[in-house]
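Tertiary structure, described
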Amino acid sequence: MKKQAKTAKETRQNPAAREPAAAPRPQQEVFAEAMRSFWAGDYENAIPLFEQARKGRDLSISESAQMHIRMCQRRLDAARNAPKTPEEHYVYAVSLMNAQQYGEARPHLEKAIAADPRPDYHYALAIAHGMLGNIADAAASLRTAIEADRNIRITAKNDPDFAPLLEHALIRDTLAGQEAGRQEP
């Protein structure tokens, strides 16, 4: 009897003790909620849900949950390490260009230029555009770089990374200071 009185006392002190424990949610339901968080880009919320789904009986859901945990962690790490300053975007873009990933480098150069329109950023963007076959955009970026720093012209003529672009008349004309048949002052 003493034991029952203690339980009643605990029940009065803790109203949650009166309610029966909630049944664990089905593994598939937890996994579906985790996937909704994952597709919404809420990786912080998705990880604990995937952890919970991983502990269920269905092996295929467990394996998929484990794989999604790793994907969430990689995406969170990438977000933490993403370039933030114009200089970081530029340096990252140059590393991509060194790996011949010009398409991936271009948006980083554009972000760097939007925040700090330095001539060397425009010059790098000219190379990226040119290597992607966008010769008119390459010439425009090169022109902007040269207008801000005339020494870019010398750099471009002697840069082995820029050499493939010299095959294009528009690029050669831009370096020579000619635009649509007129000489630069």
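Residues numbered from 1 in each chain as written. Predicted model: local features only at pLDDT ≥ 70, side-chain atom pairs only at ≥ 80, totals over all residues. Heavy atoms only, no water.

This next bit is on the confidence of the model for the protein chain. When pLDDT is averaged across the protein chain, the result is 86; 83% of the residues are at 70 or more. The model gives residues 179-185 a pLDDT under 50, and that stretch makes 8 contacts with residues more than four places away or in other chains. (pLDDT = per-residue confidence, 0-100. Contact = heavy atoms within 4.5 Å.)

Turning our attention to the environment of Pro86. Structurally, Pro86 is set in helix 5 (residues 86-98). Look at Pro86 and you get partly exposed, because its relative accessible area is 23%. Spatially, the C-alpha atoms of Pro86 and Tyr121 are 9.2 Å apart, while their sequence positions differ by 35 residues. Residues within four places of Pro86 in sequence aside, it is in contact with Ala112, Ala115, Asp116 and Tyr121. (Helix = DSSP H or I, 4+ residues; strand = E, 2+ residues; numbered from the N terminus. Buried < 20%, exposed > 50% of the residue type's maximum accessible area, 1.4 Å probe, protein only.)

Topologically, His89 is positioned in helix 5. Here His89 falls in the buried class, since its relative accessible area comes to 8%. With sequence-adjacent residues up to four places away left out, His89 is seen in contact with Pro83, Lys84, His108, Lys111 and Ala112.

The subject of this paragraph is helix 3 (residues 43-54). Its 12 residues give helix 3 an end-to-end C-alpha distance of 16 Å, which sits within 8% of 16 Å, the value for a rise of 1.5 Å per residue. Residues Tyr43, Ala46, Ile47, Leu49, Phe50 and Ala53 constitute the buried set of helix 3. (Expected span 1.5 Å × (residues − 1).)

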